[in-house]
Amino acid sequence: MVISNKPLRFLVAILVACLPLFSIANPVIDSTKQEVVAISQEESVAHHPSNDVAHAAPKDIKSEIKEFINHHLLDSHSFNFNANKETGEHYGFSLPIILWDNGLQVFSSAAFHHGPVADVAEHNGNFYKLHHEKIYKTDAKGTLTEAHGHPTNVQPLDLSITKSVVGILFVAILMLVLFSSLAKSYAKNGGIAKGAGRFFEPLVIYVRDEIAIPNIGEKGYKKYMSYLLTIFFFIFFLNILGLTPFGFNVTGNIAITFSLAILTYLITTFTANKNYWAHIFWMPGVPTPMKFILAPIELLGTIIKPFSLMIRLYANILAGHVVLMSIIGLMFIFKSWIGSTLSFGLAFALSILEILVAFLQAYIFTMLSALYFGAGNEEHHHDEAHH
């Protein structure tokens, strides 16, 4: 009996599309924690009337949804699963806190949640408070001095292993295992791919034949292939990871996209040939007075290019998360089978679109990087020398 695999593919596609509709990581609401926070806020208000007591007031459903969205977009110093809103119980694991504050301070993030005061940890006689996933140095009561709505306490240098770092390490290990097995299968089977890595072989060929060679050229594309493949699969896997229920938002973090854009900028700058710099500082075929005007504009353009890379990836991924979670939140606002069903259907359709966006953003970042590398290695044209 022959069983078609088309229904199986359809079911897998539905499962993947539904993943963003569930969230089990880092819940916002923790009743036990709220009670402690309320007590500490009452004490702090008695001594510091300037503190905002609105946080202790009951919140409506719209405020809770907005808080959940903002919480998801932030990085986290712990990893929690399956929180119970009624009992406050949750499962997960703590992450290491690494601070530089008059020396290296290393302790577990669990210290923020098991101390006598909510979100305040004590280590080597120093007290630190976790406020909106930022760590501030405080006193034993966790007092925060605010100005214009923002804490003014000293912030130690935070080198902690956060949830985003865990996601990056996971993707790095996954890529190492997958593509190491793909490379070994080539050596063992005479150039034929086997194992899990064979599913990604068409993408490797696509990056080479449709991105690297057309934009860089046959002569110089090979020295950039390792970076282009790494950046493509790194962004693609992180984007897919952001659609899972575990609450990752790595490529929606501007610090991550900034780092990736800087890598492209540095590689372009240090591998470009003399013709690239000649076109920037002394453009051929242009009257001499105009060269002095165009040179700073062209130089500024080299900085704008990586900036556009950074903003494009960050804005698209961040907007996708916000819109998707906002539509899911409408289910709890409507509280009717018509409105909730429509919201679920729209969220499901948007989840499928987000899978396409995950691939598309990886492709665009890689393609533009290859385009910049190609511009940096463009050969000198003889016809320009006669102008």
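Analysis parameters
Residues numbered from 1 in each chain as written. Predicted model: local features only at pLDDT ≥ 70, side-chain atom pairs only at ≥ 80, totals over all residues. Heavy atoms only, no water. UniProt positions renumbered as here; feature names shortened; annotations may be inferred. Helix = DSSP H or I, 4+ residues; strand = E, 2+ residues; numbered from the N terminus. Pairing = 2+ DSSP bridges. Core = buried A, V, L, I, M, F, W, Y, C linked by side-chain atoms within 4.5 Å. Buried < 20%, exposed > 50% of the residue type's maximum accessible area, 1.4 Å probe, protein only. Contact = heavy atoms within 4.5 Å. Phe/Tyr/Trp six-rings, centres within 6.5 Å; stacked < 30°, edge-to-face > 60°.

Participant: With reference to specific residues and values, describe the UniProt feature "transmembrane region" (unreviewed entry) in the protein chain.
Facilitator: Per the UniProt annotation, the sites labelled "transmembrane region" (unreviewed entry) are residues 165-183, 227-248, 254-273, 313-334 and 346-373. Segment residues 254-273 splits into 90% helix and 0% strand. End C-alpha atoms: 30 Å apart.

Participant: Quick rundown of the pairing of strand β5 (residues 120-123)? Include the residues and the values.
Facilitator: Of the pairings in the sheet, the one linking β5 to strand β6 (residues 126-131) comprises four bridges and is antiparallel in character. Across the sheet, the residue bridging to glutamate 122 is phenylalanine 127, located in β6. Counting the residues that bridge the hairpin from β5 to β6 gives two residues, and of these asparagine 124 lies at a positive phi of roughly 55°.

Participant: Explain the nonpolar core to me, using residue names and the numbers behind them.
Facilitator: Counting 44 residues, the largest nonpolar core has Phe179, Leu228, Phe233, Phe237, Leu260 and Phe365 as the members making the most contacts within it. Those elements giving two or more residues to this core turn out to be α4 (163-188), α5 (201-216), α6 (222-241), α7 (254-271), α9 (288-334) and α10 (337-376). Residue contributions to this core peak at 14 residues, all from α6. Phenylalanine 233 has contacts with Met175, Phe179, Phe200, Leu203 and Val204, leaving out every residue within four places of it along the chain. Ranked by size, the runner-up nonpolar core spans eight residues in total, among them Leu99, Ala121, Tyr128 and Ile135.

Participant: I'd like a rundown of the sheet that holds strand β3 (residues 96-100), residues and numbers included.
Facilitator: By definition, the strands of a sheet pair up through backbone hydrogen bonds, in either a parallel or an antiparallel sense. The sheet built from three strands is open, its strands ordered β4-β3-β10 with antiparallel pairing. At either end of the open sheet lies a strand with only one pairing partner, and these are β4 (104-108) and β10 (157-158). Note that β3 and β10 share two bridges and pair antiparallel. Among the inter-strand pairings, leucine 99 is bridged to a residue of β10, identified as aspartate 158.

Participant: Got a sec to walk through the packing of aromatic side chains? Specific residues and values, please.
Facilitator: Inspection of every chain in the model, using the stated rule, returns 20 aromatic pairs. Note on phenylalanine 79 and phenylalanine 93: the rings are 5.3 Å apart at their centroids and 25° apart in plane angle, and the pair reads as stacked. Note that phenylalanine 79 is positioned in strand β1 (residues 78-81) and phenylalanine 93 in strand β2 (residues 91-94), a separation of 14 residues in sequence. Aromatic side chains phenylalanine 233 and phenylalanine 237 sit 6.0 Å apart centroid to centroid with 40° between the ring planes, which places their arrangement in the tilted category. Remark: phenylalanine 237 and phenylalanine 233 occur in helix α6; sequence separation between them is four residues, near one turn of the helix. Across the pair, exposure class does not vary: phenylalanine 233 and phenylalanine 237 are buried alike. Among the aromatic residues, ring-to-ring pairing joins Phe179, Phe200, Phe232, Phe233, Phe236, Phe237 and Phe359 into one connected group.

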